[in-house]
Amino acid sequence: MLIVHGGPGTGKTVVAINLLVNLTKQGLVAKYVSKNSAPRAVHKSKLTGSMRRTVFDSMFVGSGVFTQTPENTFDALIVDEAHRLNEKSGLFSNLGISQPLEVIRSSRFSVFFIDEDQRIAVQDVGSEEEIRKWADQEGAEVHVLNLVSQFRCNGSDAYMAWLDNVLDIRETANPTLDATDYDFRVVDTPDELQQFIYEKNQERNRARMVAGYCWDWASKKDAKAFDFELSHTFKHKWNLTDDGGLWMMKPDSVTEIGCIHTSQGLELDYIGVIIGPDLLVRDGEVVTNALARASADKTVQKKKELLKSAAGRAQLDLIIKNTYRTLMTRAMKGCYVYCTDPETAAYLRHRITHPV
């Protein structure tokens, strides 16, 4: 078994896909596995014309399909975004024992690409510790590698380190964001965010807006309703429509607001991030509020119960911070941020040495 660590933009998915290609060329039966359907949908779209749909569907699968698979059925299972693996599978989370265990048991060789700082739901169990636990039980020999080169965020390791610091995920040597080729800005209004993204999207259809899950999905029941009404001219809907997971690629989706589920594991040129009331700054301290998340947000499932204990509060705190860290690292060239809270916006601007 191989565990591959890599932060945002270190090429985990590129390596995973190339590994799948090379193992398949050798006549081995290998599959690409991801919990999130959006990356699989994007890969499928890009492979249209070069691969039959039935072949694609057999090679790119979800992480919950191995609950009944006999031992060593496959030569290799390659798990992308393995930090998003769950314990149970199925619509009602009542199938199987553990997704990491079932992957290990179902294949002769398993690869887990993980970034533990992108665990964004209480159900996410894909840590190295958890994966190793099941590997030891199954008698698998464990190897660990690291991807360290940064290709996203204009290759700026400084931006990544600053983001960890400014979101209070960990202390780094980058308390301020110094001059960099990466275009990071804190905008004053949602209209300004919208304007930036619309303009950048004209270049290559690779600019989108995303937000923390703090707004209810009103448009699900009322197609005429807007989920976001942040100004007279900023009125948008969530991207949660039946688009087959291709929200990031649809030309007209620039008018929709994406969420963590349709953007994690994928990348753009420019990202516009709306930070909602679930992450605030008070007196220079980053504080989170899981109760500000929308009622439909399952990433903070049983939040009221978790808030009763220190461990539960710490878990929710990290999930919210990781969510924004993930959203703010989706783009190659630039990230624009609008905060619904003025004090939070002022804090971010203060941490930029050369604010735009």
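Up top you'll find the structure we're talking about.
Since this is a predicted model, take the numbers as computed values, not measurements.

> It is not clear to me how the pattern of salt bridges should be interpreted in this structure. Could you clarify?
Close approach of charged atoms allows side chains with opposite charge to pair. One pass over the full model with this rule turns up 20 salt bridges. Lys 133 is the partner of Glu 130 in a salt bridge, and the nearest nitrogen-oxygen pair spans 3.4 Å. In this pair, Glu 130 and Lys 133 are both assigned in helix α5 (residues 128-138), three residues apart and thus about one turn of the helix distant. Close ionic contact of Asp 164 with Arg 170 constitutes a salt bridge, the shortest N to O distance being 2.8 Å. Residue classification places Asp 164 among the buried residues on the basis of a relative accessible area of 7%. In this structure Arg 170 comes out as partly exposed when scored by relative accessible area, which is 35%. A single salt-bridge network, built from bridges that share partners, covers Asp 115, Asp 117, Asp 164, Arg 170 and Arg 325.

> Just checking my understanding: could you explain the nonpolar core for this structure?
General note: in soluble globular proteins, nonpolar side chains tend to be found buried as a group. Formed by 66 residues in total, the largest nonpolar core has its most connected members in Tyr 159, Phe 184, Val 273 and Met 328. Val 273 has contacts with Leu 193, Val 210, Tyr 324, Leu 327, Met 328, Cys 335, Tyr 336, Val 337 and Tyr 338, leaving out every residue within four places of it along the chain. Val 33, Leu 77, Leu 101 and Ile 104 belong to the second largest nonpolar core, which has 18 residues in total.

> Explanation requested: the sheet that holds strand β2 (residues 30-33) in the structure shown.
The strands making up a sheet are joined through hydrogen bonds of the backbone, oriented either antiparallel or parallel. Read across the sheet, six strands follow the order β3-β2-β4-β5-β1-β6 without closing on themselves; strand pairing throughout is parallel. A single partner strand is all that each edge strand has here, and the edge strands are β3 (60-61) and β6 (143-147). Across the sheet, helix α4 (residues 99-106) lies against β4 (74-79) and β5 (107-114), angled at about 140 degrees from β5, the strand it touches most.

> Which parts of the structure should I look at to understand the packing of aromatic side chains?
Here the structure, examined in full by the defined rule, presents 11 aromatic pairs. Chaining the aromatic ring pairs together yields one cluster made of Tyr 159, Trp 162, Tyr 182 and Phe 184.

> I would appreciate a short explanation of the layout of surface pockets in the present structure.
Once rolled over the atoms, a probe with the size of a water molecule shows which space is left empty. Counted as a void, the second largest pocket has a volume near 780 Å³. The wall of the second largest pocket is formed by 34 residues, among which Thr 13, Val 14, His 43, Lys 46 and Leu 266 lie closest to the centre. Of all the secondary-structure elements, those providing two or more residues to the lining of the second largest pocket are α1 (12-25) and α2 (37-46). A per-element tally of the lining of the second largest pocket places α1 first, with eight residues.

Thresholds applied
- Residues numbered from 1 in each chain as written.
- Predicted model: local features only at pLDDT ≥ 70, side-chain atom pairs only at ≥ 80, totals over all residues.
- Heavy atoms only, no water.
- Salt bridge = Lys/Arg side-chain N within 4 Å of Asp/Glu carboxyl O.
- Helix = DSSP H or I, 4+ residues; strand = E, 2+ residues; numbered from the N terminus.
- Buried < 20%, exposed > 50% of the residue type's maximum accessible area, 1.4 Å probe, protein only.
- Core = buried A, V, L, I, M, F, W, Y, C linked by side-chain atoms within 4.5 Å.
- Contact = heavy atoms within 4.5 Å.
- Pairing = 2+ DSSP bridges.
- Axes fitted to C-alpha atoms, helices over the stretch in contact; angles between N-to-C directions.
- Phe/Tyr/Trp six-rings, centres within 6.5 Å; stacked < 30°, edge-to-face > 60°.
- 1 Å grid on protein atoms, 1.4 Å probe; cavity = no way out; pocket = protein on both sides within 12 Å on 5 of 7 lines; lining within 4 Å.
- Points joined across faces, edges and corners; volume = space filled by probe spheres on them.

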